[in-house]
Amino acid sequence: MEAKPWEATHEKAQEEQWIQNIHLQHKKRRRRWRRYVSLTQIAILIMMFLYWEIAGRLKWIDVLLFSYPSKIGAQLWKDMVSGEIWLHTSVTVFETIVGFLLGTLLGTLIAVLIWWSSFLSKVLDPYLVVLNSMPKVALGPIFIVMFGAGFTAIVMTTISITVIITTLVVYNSFNEVDANYIKVVRTFGGNRKHIFRKVIFPASFPAIVSTLKVNVGLAWIGVIVGEFLVAKEGLGYLIIYGFQVFNFTLVMSSLIVIAVVATVMYQVVAWLERKLMSGREH
């Protein structure tokens, strides 16, 4: 006996409601799980700083070298009131953003050129391997001589660290695209331009976006190393200055600022990645 139309509609509505309830329960569990993770992370951080404070005050550690949180907090407050920390932080952040963007864009463009020309790929392959294995910090003095002791030398040091990694990661992602997709485009008369625009770039987009997160850390390394060598401003300069005058509280406070700002920058890139990827899914 066939079900009446209103009964079938009712059953379908019940099924949809059941699926929706299951989805809502899943979302609640995910939110609860993320909340537990965040609380655990915060608890670990608080315990670390608490133990550090106790160890410093009870002289379990060398206070001259490692200082302790309350002393570092006092140093940070003094530098914030004087405005000194804002100047040095803004300089370092600007240098990091410029090196990060230029290194990522240049590395992606080089990867596209290498993929486009098989001849260029064969020619440059050994050079990329050598450059990737070379310690980029060693190039710092060369950049200082070429561009002078200043902003350009620091940015070039950062680019030298980020560009090779970006090129290799993006180029490998181009080569890992399923060959069947390429065959389909060629079957319909597509040329290399169509293959790249319709297949290679869309399939490699997640890898390109993920490279941004890797380059955040690499950019910070490049900038701080560059500031160690030539800067008269910036957080790297503060670290070197604190070491020279044996003010290791200044060194530790600068490291704390670097950790905080680098984390914020990483979260911004991660948020951008989620937005871009969700936009592609829609």
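Scoring rules and cut-offs
Residues numbered from 1 in each chain as written. Predicted model: local features only at pLDDT ≥ 70, side-chain atom pairs only at ≥ 80, totals over all residues. Heavy atoms only, no water. Helix = DSSP H or I, 4+ residues; strand = E, 2+ residues; numbered from the N terminus. Rg over C-alpha atoms; globule rule 2.2 N^0.38 Å. Buried < 20%, exposed > 50% of the residue type's maximum accessible area, 1.4 Å probe, protein only. Areas by Shrake-Rupley, 256 points an atom, 1.4 Å probe, with all protein chains shown as cover. Contact = heavy atoms within 4.5 Å. pLDDT = per-residue confidence, 0-100. Axes fitted to C-alpha atoms, helices over the stretch in contact; angles between N-to-C directions. Parallel < 35°, antiparallel > 145°, perpendicular 65-115°, else oblique. Left-handed = near helix turned anticlockwise from the far one by under 90°. Nonpolar A, V, L, I, M, F, W, Y, C, P; charged D, E, K, R; others polar. Core = buried A, V, L, I, M, F, W, Y, C linked by side-chain atoms within 4.5 Å. Arc of directions from axis to C-beta. Patch = residues over 30% accessible without salt bridge, like charges linked within 9 Å, V, L, I, M, F, W, Y side chains within 5 Å. Salt bridge = Lys/Arg side-chain N within 4 Å of Asp/Glu carboxyl O. Lys, Arg positive; Asp, Glu negative; His and termini not counted. Charge placed at Lys NZ, Arg CZ, Asp CG, Glu CD. Phe/Tyr/Trp six-rings, centres within 6.5 Å; stacked < 30°, edge-to-face > 60°.

Participant: What's the story with the overall build of the protein chain in this structure? I'm lost.
Facilitator: Along the protein chain, the regular secondary structure elements total 11 helices and zero strands. For the protein chain, the sequential pattern of α-helices and β-strands runs α-α-α-α-α-α-α-α-α-α-α. Since a compact globule built from 282 residues should have a radius of gyration of about 19 Å, the 26 Å found for the protein chain marks it as more spread out than a globular shape. C-alpha extents for the protein chain along the principal axes are approximately 90 × 55 × 30 Å. Counting the 282 residues in the protein chain, one finds 35% classified as buried. For the protein chain, the computed accessible surface area is about 18000 Å², with 68% contributed by carbon and sulfur atoms.

Participant: How should I be thinking about the side chain of Thr 211 in this particular structure?
Facilitator: One can find Thr 211 in helix 9 (residues 192-230). Overall, Thr 211 belongs to the buried group, its relative accessible area being 3%. If sequence neighbours within four positions are ignored, Thr 211 has contacts with Thr 166, Val 169 and Val 170.

Participant: Which parts of the structure should I look at to understand the environment of Glu 53?
Facilitator: With respect to the helices and strands, Glu 53 occurs in helix 1 (residues 5-57). On the basis of relative accessible area, Glu 53 is assigned to the buried category, the value being 14%. The spacing of Glu 53 and Ser 70 is 17 residues in sequence and 7.0 Å in space, taken between C-alpha atoms. With residues up to four places along the chain from it excluded, the contact list for Glu 53 reads Tyr 68, Pro 69 and Ser 70.

Participant: I would appreciate a short explanation of the confidence of the model for the protein chain in the present structure.
Facilitator: Close reading of the predicted structure is inappropriate where its pLDDT is low. Of the residues in the protein chain, 93% reach a pLDDT of 70 or more, and the chain-wide mean stands at 84. Mean pLDDT values over the elements of the protein chain span from 80, in helix 8 (residues 179-187), up to 92, in helix 3 (residues 69-82).

Participant: Could you clarify how one ought to interpret the packing of helix 6 (residues 140-147) against helix 7 (residues 151-175) in this entry?
Facilitator: Any two packed helices are characterised by how steeply their axes cross, that is the angle between the axes, and by the distance between the axes. Where helix 6 contacts helix 7, the axes come no closer than 9 Å and their chain directions differ by 140 degrees. Considering their axes alone, helix 6 and helix 7 lie oblique with respect to each other. Of the two elements, helix 6 crosses helix 7, and the hand of that crossing is right-handed. Contacts between helix 6 and helix 7 involve Gly 140, Phe 143, Ile 144 and Phe 147 from the first element and Thr 152, Ala 153, Met 156, Thr 157 and Ser 160 from the second. Class assignment of the residues belonging to the contact of helix 6 with helix 7 gives a composition of five nonpolar, four polar and no charged.

Participant: Got a minute to help me understand the packing of helix 4 (residues 84-116) against helix 10 (residues 235-244) in this structure?
Facilitator: Direction vectors running N to C along helix 4 and helix 10 enclose 125 degrees, while the axes themselves pass 7 Å from each other. Here helix 4 lies oblique to helix 10, going by the angle between them. In this structure, helix 4 contributes Glu 84, Ile 85, His 88, Thr 89 and Thr 92 to the contact, and helix 10 contributes Leu 235, Gly 236, Tyr 237 and Leu 238. Residues that form the contact of helix 4 with helix 10 fall into these classes: four nonpolar, four polar and one charged.

Participant: Looking at this structure, I do not really get the nonpolar core. What am I missing?
Facilitator: Generally speaking, nonpolar side chains in soluble globular proteins are found buried as a group. By size, the foremost hydrophobic cluster in this structure holds 26 residues, and its most contacted members are Phe 100, Val 216, Trp 220, Leu 235, Val 257 and Ile 258. Only helix 3, helix 4, helix 9, helix 10 and helix 11 (248-281) provide two or more residues apiece to this core. For this core, the leading source of residues is helix 11, giving nine residues. Ignoring any residue separated from it by four or fewer positions in sequence, one finds Val 257 in contact with Leu 76, Ile 85, Thr 89 and Leu 235. If you look at the next biggest cluster of nonpolar residues, it comprises 21 residues, including Val 155, Val 163, Ile 164 and Ile 208.

Participant: Explain helix 10 to me, please; I cannot follow it from the model alone.
Facilitator: Given 3.6 residues to a turn, an α-helix orients residues that are three or four positions apart in the same direction. Listing the buried residues of helix 10 in full gives Leu 235, Gly 236, Leu 238, Ile 239 and Gly 242. Considered in projection along helix 10, the buried side chains sweep an arc of 160 degrees and stay on one side of the axis. Looking one or two residues past helix 10, Phe 246 carries a phi angle of roughly 60 degrees, positive in sign.

Participant: Looking at this structure, I do not really get a positive patch on the surface. What am I missing?
Facilitator: Positive charge collects at one region of the surface, where Lys 27, Lys 28, Arg 29, Arg 30, Arg 31, Arg 32, Arg 34 and Arg 35 lie side by side. Structurally, Arg 31 is set in helix 1.

Participant: When you look at the packing of aromatic side chains in this model, what are you seeing that I'm missing?
Facilitator: Each aromatic ring pair is described using two quantities: the centre-to-centre distance and the angle formed by the ring planes. If you walk through the whole model with that rule in mind, you get 14 aromatic pairs. Here the aromatic rings of Phe 201 and Phe 205 are separated by 5.9 Å at their centres, their planes lie at 70 degrees, and the arrangement is edge-to-face. Placement of the pair is Phe 201 and Phe 205 together in helix 9, with a separation of four residues, close to one helical turn. According to the relative accessible area criterion, Phe 201 is partly exposed, its value standing at 33%. An aromatic cluster of at least three residues, connected via ring pairs, comprises Trp 115, Trp 116, Phe 174, Phe 196, Phe 201 and Phe 205.

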